[in-house]
Amino acid sequence: MRSILIAGNWKMNAGPVEADKLSAGINEKLAGRTLKSDVVVCPPFVSLHAAVKNLKDSPVQVGAQNVHFENNGAYTGEISTSMLQEAGCKYVILGHSERREYFGDTDEVIAKKVKKAIADGLNVIFCVGEKLEERKQEKHQKVVMGQIKAVIEHLTEEDASQLTIAYEPVWAIGTGETATPEQAQEMHQFIRNYLNEMWSTVQLSGVRILYGGSMKPANAEELLKQEDVDGGLIGGASLDAESFSTIVDIAEKIQS
Ligand code: PEP
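Structural notes, computed from the coordinates.

## Some thoughts on the site of the ligand
Next, step 1: Around the ligand lies a shell of 14 residues, among which K11, E168, G174, S214 and G235 are the nearest.
Next, step 2: Contact distances for the ligand include 2.7 Å between an oxygen atom and a side-chain N or O atom of K11.
Next, step 3: At 2.6 Å, a side-chain N or O of E168 approaches an oxygen atom of the ligand.
Next, step 4: Contact with the protein chains removes 95% of the 290 Å² of surface that the ligand exposes when unbound.

Here it is as C-alpha cells:
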C-alpha cells in the first residue's frame, strides 16, 4: 500500500527570514502529530537551515529543489548531494519543468542527477509533464513516456524505492488551471503501467506518482482520491502554512 506524499516546492520564494516564519507556521500546525502521509517542504538552498531547524521535531522533512551530479570541485554555483545531506535534506526535486525550460536541464542531465542523488541516499521527486501544445496534439503520453524512459533506463529496480514521480502538466503549473481528476488519473495510470512494463517488480516496490499543477485546498481532495494519485507536489499553495497544512489534513482524511 502506497502512503500519500505531500511535497511543497517553494521555488525561488522565501529567503531565510521568510522561510523561518513559514516553516515555524507549518511546524505549529503539524508538530507533535503522527501522520499517515509523508510530508516534505523544499525551500531554496539558502533557506534550508531555517526550515530544518524549525521542523526538526515535526513529521515534516526537508528537501532541495536541485542538486549537481558531481561530488565536489570546480563547479561554481552548484551544490552536491553530500552538502544537501549535511544540511539535513532527505529529498530533492529533479527535472522540474522550470529547470528544463530555463536552466538547460535536459533529459540527459536530469538522468545523471537522479542517478547520483539516489546512489547517495536521497529520495528523488522526479518531475515529468507535457506542454499545452503537446496535450492539444494528443502527444502527452508519448512525451511523458520519453521523459521517464530517459531517466529510468539508467536506474535499477532497487533504485525504485527512493524514486517518486511527479506528473506536472506544464500548462497547469502556476496557472490556476488544474488537470481534471480524470485527466490526472488517466495519466497516472498510464505512467504506472509503463513502469510495470519496464520494471517487473515495481508493483511490489510501489513507486509513488504525485500530481502537480495548481493543487490547493479546494481541489486537493478530488485529485488525491484518484486511485493512482499518490500525493501532490504543490507550488503556490505551499507558501501558506494554513493552505499547506489543510492539504495535509485532506490527505490524512483520505487515508483514514
Ligand atoms: C510546482 O511548481 O511544482 C507546482 C505544481 O506549482 P503550482 O502548484 O503553483 O502550480
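So that's the structure; there's more coming.
## Here's the deal with the sheet that holds strand β5 (residues 123-128)
Next, step 1: Reading around the barrel, the eight strands line up as β1-β2-β3-β4-β5-β6-β7-β8 and close back on themselves, with parallel pairing between neighbours. Along the sheet, successive strands turn relative to each other by an average axial angle of 25°, direction set aside.
Next, step 2: Inspection of the sheet shows strand β2 (residues 38-42) paired to strand β3 (residues 60-64) by three bridges, in the parallel sense. Across the sheet, residue V41 finds its bridge partner in β3, namely V62.
Next, step 3: Against the sheet, helix α8 (residues 181-198) contacts β5, β6 (163-167) and β7 (208-212), and its axis sits at roughly 150° relative to β7.

About the thresholds
Residues numbered from 1 in each chain as written. Predicted model: local features only at pLDDT ≥ 70, side-chain atom pairs only at ≥ 80, totals over all residues. Heavy atoms only, no water. Near = heavy atom within 4 Å. Polar contact = N/O pair within 3.5 Å; in protein donor to acceptor, adjacent residues only side chain to side chain. Areas by Shrake-Rupley, 256 points an atom, 1.4 Å probe, with all protein chains shown as cover. Pairing = 2+ DSSP bridges. Helix = DSSP H or I, 4+ residues; strand = E, 2+ residues; numbered from the N terminus. Axes fitted to C-alpha atoms, helices over the stretch in contact; angles between N-to-C directions. Contact = heavy atoms within 4.5 Å.

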